[in-house]
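Chain residues, written in single-letter form:
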Amino acid sequence: MKNALLVGLIGLFFSCNSSAQKPEKKETFEVNKTEAQWKKELTEQEYYVLRQAGTERPFSSPLNKEYSAGTFHCAACNTPLFKSEHKFDSGTGWPSFDRAIEGNVAYSTDNHLGYTRTEEHCATCGGHLGHVFNDGPRDTTGKRHCINGVALEFVPEN
């Protein structure tokens, strides 16, 4: 009887199928390309950040100090993501905004560093942009959209 109970418990233990063990549901986007197509269209650094969720070195992007009037677009698909009027100097070394253009940015949960962060990506192509934190300007939204400059293209106002 003890052996049967032990075998049953061991079988139950190894047959558990939690949601963490199920394959991740792949999100679909309006702009959908193969990895080979993305590699052909993007620079090596753009591919690393936008398609592999990498991070550029802080203070390496010229867009960190870009404060001209205009809009910051996704470098992969040209979707407008952030307006220059919402950009601020966070001192972190990455372009920072207190808000995104509504509907053009999507969010997910990122646990890659061992703690939970809110990941931000382009809602049109799924390209990784950066992360959102709750330490932005208190007089506006309180949010800091910390974005990799290589994921952006700046389009000045005419």
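Up top is the structure these notes are about.
Rules and cut-offs
- Residues numbered from 1 in each chain as written.
- Predicted model: local features only at pLDDT ≥ 70, side-chain atom pairs only at ≥ 80, totals over all residues.
- Heavy atoms only, no water.
- Phe/Tyr/Trp six-rings, centres within 6.5 Å; stacked < 30°, edge-to-face > 60°.
- Helix = DSSP H or I, 4+ residues; strand = E, 2+ residues; numbered from the N terminus.
- Buried < 20%, exposed > 50% of the residue type's maximum accessible area, 1.4 Å probe, protein only.
- Salt bridge = Lys/Arg side-chain N within 4 Å of Asp/Glu carboxyl O.
- Core = buried A, V, L, I, M, F, W, Y, C linked by side-chain atoms within 4.5 Å.
- Contact = heavy atoms within 4.5 Å.
- Polar contact = N/O pair within 3.5 Å; in protein donor to acceptor, adjacent residues only side chain to side chain.

Asker: Hey, could you run me through the packing of aromatic side chains in this one?
Answerer: Centre distance and the angle of the planes are the two values used to describe a pair of aromatic rings. Applying the stated rule across the entire model yields three aromatic pairs. A centroid spacing of 5.1 Å and a plane angle of 70° characterise the contact between Phe72 and Phe97, whose relative ring orientation is edge-to-face. With Phe72 in strand β1 (residues 70-74) and Phe97 in strand β4 (residues 96-97), this residue pair connects regions lying 25 residues apart in the sequence. The exposure classification of Phe72 matches that of Phe97, with both residues buried. Ring geometry for Phe82 versus Phe97: centroids 4.3 Å apart, planes at 15°, classification stacked.

Asker: Explain the pattern of salt bridges to me, please; I cannot follow it from the model alone.
Answerer: Note on pairing: side chains with opposite charge can pair once their charged atoms come close. Summed over all chains, the structure comprises five salt bridges. Note that Arg99 is salt-bridged to Asp98, the shortest N-O span being 3.0 Å. What makes Arg99 partly exposed here is its relative accessible area of 32%. The residue Arg117 makes a salt bridge to Asp110 at a minimum N-O spacing of 3.0 Å. Summarising the burial analysis for this pair, Arg117 and Asp110 share the class buried.

Asker: Help me understand the nonpolar core, please; the structure alone is not making it clear to me.
Answerer: What tends to happen in soluble globular proteins is that the nonpolar side chains get buried as a cluster. Among the nonpolar cores identified, the biggest contains 22 residues, and Leu50, Leu81, Phe82 and Leu152 are the most heavily contacted of them. Going through the elements one at a time, α3 (44-50), β1, β2 (80-83) and β9 (152-156) are the ones with two or more residues in this core. If one sorts the elements of this core by residue count, α3 sits on top with three residues. When sequence neighbours within four positions are dropped, the list of residues in contact with Phe82 reads Thr71, Phe72, Phe97, Arg99, Ala100, Ile101, Val105, Glu120, His145, Ile147 and Leu152.

Asker: Help me understand the environment of Tyr67 in this model?
Answerer: Looking at the element boundaries, Tyr67 is found in the loop between α3 and β1. Judged by relative accessible area, which is 39%, Tyr67 ranks as partly exposed. In contact with Tyr67, other than residues within four places in its own chain, are Lys87, Phe88 and Asp89. At 3.4 Å, the side chain of Tyr67 forms a polar contact with the backbone nitrogen of Asp89.

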